[in-house]
Amino acid sequence: MDKIHTFCSMLCLLPTILLSGCAPNVVITPDIALVQSKDFSVSGKIDYDGNLEYLPRTVSTESHTPPLLTLRYRYDVSYGRDSVNQALPLFNPLTIVGFPIGADTVVVTAKLEILKGSSQVKTYSSVCVLDKHRTIFWEGETMSELRKSGLLAVRNNIESQMYVDKDLLIKAGMQN
Amino acid sequence: MKNYWKAIISFILISSFLLITGCASLGPVYSKVDKIPDNTGVVYLYRPSSFIGGGVSYDVKIGDTVITTLYNGGYYPYYSQPGEKEFWAKTESKSSVTLDVRSGQTYYIKGTVGVGFFVGRPHLMVVTPEIAEKEIAKCKLIPKEN
């Protein structure tokens, strides 16, 4: 009976062990607490031509003309090389027990510049590194999904940085 | 005895046919496009020749549109409208990369085939021009009809 119990426990533990290494490692800099509040935004002329989903929600278009501030948002995505030779997992007996067969790395950097005329009022930047391993049982997120996660993470991080400076930005007369 | 030889010959012929059907007649060796059309960027999809997974080919798509079938040792220049574009390929698992395509810019996506349970798995990755220019040099053009 004990043997059956041990066998069942092992059977339950095995998928847990195999899947535990599957979630991507995410490191974001600067490491600050995430603020969920959406009651604050800085308005001005937005200088950004990418997907609006990735633009920090703490910036908005100025309704008055001409706008006092320019809000320039830029991001960059770079990809790491998969250094695992494809011949290796083919002949590696550990592949069948979930040994990694490859790795994907995505690095997302973002920068928000708040400009008044040609002078810089404030700059916020954030870097997110996402790293995950692939196994024969689990491919995990695609590069596109990792990229999206990274872009949303840097967006949220910059929003949180701006909330920290909320009083400063209000004093500077930049709040809506 | 006669039947034995007949079975062997049939096996060889069928195997050869199956192997050849995975190949494609590729065009000339890589050369950079002379001019990128206005309001487009060019994305080179390439797959360096490799013994591992050499017989496996897969379609590379944007949305539901097939751009090309990526063969071993082939490349295909794709002219893309500017914007966020997701390129993906699938056999028993899916691989995808997303690019922010800008007018007049050149991008490189490398495809490989990795280990799978029943069939090789596609793996797409964005490669820097410095590395890609070396790897793509021996690749041959995949005809548009493919």
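It should be noted that the structure appears before, not after, this text.
For the structure given in this document, a descriptive report is provided here. Each chain carries its own residue numbering, running from 1 in the direction its sequence is written. Chains and ligands are labelled sequentially in the order written, the chains with letters from A and the ligands with numbers from 1. In keeping with the predicted nature of the model, local features appear solely for residues at pLDDT of at least 70, side-chain atom pairs appear and are counted solely at 80 or more, and the whole-chain, interface and lining totals rest on all residues. Side-chain measures were taken over the full set of non-hydrogen atoms in the model, leaving aside hydrogen atoms and water.

Quick look at the overall build of chain B
If you tally the helices and strands in chain B, you get 2 helices and 9 strands. Here chain B holds 146 residues, and 40% of them are scored as buried. Here, two residues are considered to be in contact whenever any of their heavy atoms come within 4.5 Å of each other. Summarising the internal contacts of chain B: among those between residues at least 6 apart in sequence, 67% fall at separations of at least 24. Here, Shrake-Rupley sampling with a 1.4 Å probe gives the accessible areas, and only protein chains in the shown set may cover a residue. For chain B, the accessible surface area stands at approximately 8200 Å², while carbon and sulfur atoms represent 60% of it. Secondary structure elements follow DSSP: runs of H or I of four or more residues count as helices, runs of E of two or more count as strands, with numbering from the N terminus. Classification of residues uses two cut-offs on accessible area relative to the type maximum, computed with a 1.4 Å probe and protein chains only: under 20% is buried, over 50% is exposed, and between them is partly exposed.

Observations concerning the pattern of salt bridges
Any two side chains of opposite charge can pair, on the condition that their charged atoms come close. Any carboxyl oxygen of Asp or Glu that lies within 4 Å of a side-chain nitrogen of Lys or Arg is treated as forming a salt bridge with it. Tallying each qualifying case throughout the model produces 16 salt bridges over all chains. Here aspartate 100 of chain B makes a salt bridge to arginine 147 of chain A, at a shortest N to O gap of 2.9 Å. Taken as a pair, aspartate 100 of chain B in strand S6 (residues 94-101) and arginine 147 of chain A in helix H3 (residues 143-164) lie in two separate chains rather than in one. Residue arginine 147 of chain A is classed as buried on the basis of its relative accessible area of 2%. A single network of salt bridges, built from pairs that share partners, joins Asp47, Arg72, Arg74 and Glu113 of chain A.

Description of H3 of chain A
The span expected for a helix works out to 1.5 Å for each residue beyond the first. If you check H3 of chain A, its first and last C-alpha atoms are 32 Å apart, about what 22 residues at 1.5 Å a residue would give, namely 32 Å. Within H3 of chain A, 16 of the 22 residues are buried, leaving the element largely enclosed by the surrounding structure.

With respect to the packing of aromatic side chains
A pair of Phe, Tyr and Trp rings is counted when the ring centres sit within 6.5 Å of each other, with Trp represented by its six-membered ring. The angle between the planes then sorts it: under 30 degrees is stacked, over 60 is edge-to-face, the rest tilted. Enumeration according to the criterion identifies 9 aromatic pairs over all chains in this entry. Put simply, the rings of Tyr48, Tyr54, Tyr73 and Tyr75 of chain A touch in pairs and so form one group of aromatic residues.

Observations concerning the side chain of serine 95 of chain B
Along the chain, the position of serine 95 of chain B falls in strand S6. N or O atoms closer than or at 3.5 Å make up a polar contact, with two conditions inside protein: a donor-capable atom paired with an acceptor-capable one, and, for residues adjacent in sequence, both atoms drawn from side chains. From its side chain, serine 95 of chain B meets the backbone nitrogen of leucine 124 of chain B in a polar contact 2.8 Å long. Look past the residues within four positions of serine 95 of chain B in its chain and what remains in contact with it is Thr142 of chain A together with Phe87, Trp88, Ala89, Pro122, His123 and Leu124 of chain B.

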